[in-house]
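# Inside the fold
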Amino acid sequence: MKPLTLDDLRELAPGFVMGTLTADELAQFRDAMAEPSLAAELTPEIEAHRAAVEFLATEHSVTPPSALKARVMSRIAAEPKSRAGSTPVLELLSSSSAGNRTPTPQRVVVHPPQQLVRKSSNAVWWGLGITTLAMAASAVFAFDLNNQVRTLTSTVQEQAVLIKRNDARLASRDETLRILTEGGNDLVLVRLAANESTGPGMQVFWNVKDGTAVVHASGLKQVASNRTYCLWLIRDGKPVPVKLFNPDPDGHRLLNDVQVPKDVKGIAAFAVTEEPAEGSPQPTMTPFLVGAVAPK
């Protein structure tokens, strides 16, 4: 006979408590309980099953209608013989009378099939308990896991944003250094200043060889959402728009890789005005920053 596993024994534990095991199952279960290690595992479950059976098992006394006896006896006579050792379904506490004598109604105690009732009640009780605990545990685990996933996702997204910003800053710094260092003798510095000494200022580092410039502005005021600043160059006496920009919250702004001509010929100055946000083909005001380009 194949030895029973611990899981097999756990499945048989309710039947052991309720007396529904077959002779072979009962023998195997008792042999297993003789093992100290298995007994230690199974005893708490057996005690729990017993407590549940005691709690759920009930016996109800009822007074049946007078015709019940005849119907029950008829059903019992029609049923096949039950196997030896089985428990009767009904115990009638009244005896039948001989002849045509009218039987006296008696109080009948109806005993439900205890083994079936207890087994069913036990299964429902423990099934509901285990299912409830499993659902609760699953809900707690899912909630905790969901929180961890959200936290981890948020952290990863924040780190990605920081990395992206750092990469952009490094790229901007590298481009600034490239323009300034590779210009050599072709690097032209143009200083733009306001009429008043305390006003904003700007420096244009013009790499004539590459046709690029680094522009740094400071002291600029914030403008309305529908306005922006425009950097111009004055070429052959005519203003040419170069770059639209807005200052940072502190009034500074560093612009890299500003496209400018590769020749200073005909360019007399750089200037800054405030314009509509979409820009303008011509200045709409007198420049408040102006810087002359030294002839080469």
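Residues numbered from 1 in each chain as written. Predicted model: local features only at pLDDT ≥ 70, side-chain atom pairs only at ≥ 80, totals over all residues. Heavy atoms only, no water.

Turning our attention to the overall build of the chain. When helices and strands are counted, the chain shows five helices and eight strands. Expressed as a percentage of its 296 residues, the buried residues of the chain come to 24%. Taking all contacts inside the chain whose residues are at least 6 apart in sequence as the whole, residues at least 24 apart take part in 60%. As presented, the chain carries roughly 20000 Å² of accessible surface, and 58% of it is formed by carbon and sulfur atoms. (Helix = DSSP H or I, 4+ residues; strand = E, 2+ residues; numbered from the N terminus. Buried < 20%, exposed > 50% of the residue type's maximum accessible area, 1.4 Å probe, protein only. Contact = heavy atoms within 4.5 Å. Areas by Shrake-Rupley, 256 points an atom, 1.4 Å probe, with all protein chains shown as cover.)

Turning to the pattern of salt bridges, a few remarks are in order. Per the counting criterion, the structure on display carries five salt bridges. Across the salt bridge formed by D7 and R10, the nearest N and O atoms sit 3.9 Å from each other. Taken together, the residues D7 and R10, both in helix α1 (residues 6-18) and three residues apart, mark about one turn of the helix. The exposure class of R10 is partly exposed, given its relative accessible area of 30%. When the shortest N-O distance is used, the salt bridge between E45 and R10 registers 2.8 Å. Taken together, the residues E45 in helix α3 (residues 36-56) and R10 in helix α1 connect sequence positions 35 residues apart. Sharing partners across several salt bridges, the network here consists of D7, R10, E41 and E45. (Salt bridge = Lys/Arg side-chain N within 4 Å of Asp/Glu carboxyl O.)

Attention shifts here to the nonpolar core. Of all hydrophobic cores here, the largest spans 25 residues; its most connected members are L192, M202, V204, W206 and F270. Within the residue set of this core, elements represented by two or more residues are β1 (187-193), β2 (201-207), β3 (212-218), β4 (227-235), β6 (253-259) and β7 (267-276). Ignoring anything within four residues of it in the chain, the contact list for F270 reads V190, L192, V204, W206, L231, W232, L233, V260, L289, V290, G291 and V293. With eight residues, the next largest nonpolar core counts L9, L12, L21 and F29 among its residues. (Core = buried A, V, L, I, M, F, W, Y, C linked by side-chain atoms within 4.5 Å.)

Two numbers describe a pair of packed helices, the interaxial angle and the distance between the axes. It is the contact of α1 with helix α2 (residues 23-33), at a shortest axis distance of 11 Å, that shows an interaxial angle of 115°. Here α2 runs roughly perpendicular to α1, going by the angle between their axes. Where α1 crosses over α2, the two elements pack in a sense that is left-handed. Taken together, the residues of α2 that come into contact with α1 (itself represented by L9, L12, A13 and F16) are E25, L26, F29, R30 and A32. The residue inventory of the contact of α1 with α2, partitioned by class, reads seven nonpolar, no polar and two charged. (Axes fitted to C-alpha atoms, helices over the stretch in contact; angles between N-to-C directions. Parallel < 35°, antiparallel > 145°, perpendicular 65-115°, else oblique. Left-handed = near helix turned anticlockwise from the far one by under 90°. Nonpolar A, V, L, I, M, F, W, Y, C, P; charged D, E, K, R; others polar.)

Our focus in this paragraph is unusual backbone geometry. At D236, a residue that is not glycine, the phi angle is positive and equals roughly 55°. For D257, which is not a glycine, the phi torsion comes out positive at approximately 55°. Inspection of the secondary structure puts D257 in strand β6.

Now for the pairing of β3. In terms of burial, β3 is a largely internal element, five of the seven residues being buried. If you look at the hairpin formed by β2 and β3, you'll find four residues sitting between the two strands, and G211 has a positive phi there, around 70°. Inspection of the sheet shows β3 paired to β6 by five bridges, in the antiparallel sense. Following the sheet pairing, V215 is matched in β6 by L255. (Pairing = 2+ DSSP bridges.)

Residues of α2 that are buried: Q28, F29 and A32. Down the axis of α2, the sector holding all buried residues measures 100°, keeping them to one side. Opposite the packed face of α2, turned more than 90 degrees from it, sit the exposed residues A23, R30 and D31. (Arc of directions from axis to C-beta.)

Now for the environment of C230. Within the secondary structure, C230 sits in strand β4. Judged by its relative accessible area of 2%, C230 is buried. Sequence-wise, C230 and P241 are 11 residues apart; in three dimensions their C-alpha atoms are separated by 6.9 Å. Non-local contacts of C230, meaning those with residues more than four positions away in its chain, are made with P241, K243, L244, F245, A271, V272, T273 and E275.

Here β1 shows a buried face lined by V188, V190 and L192 and an unburied face lined by L187, L189, R191 and A193. Here seven bridges tie β1 to β2, and the two strands are oriented antiparallel to one another. Among the inter-strand pairings, L192 is bridged to a residue of β2, identified as M202.

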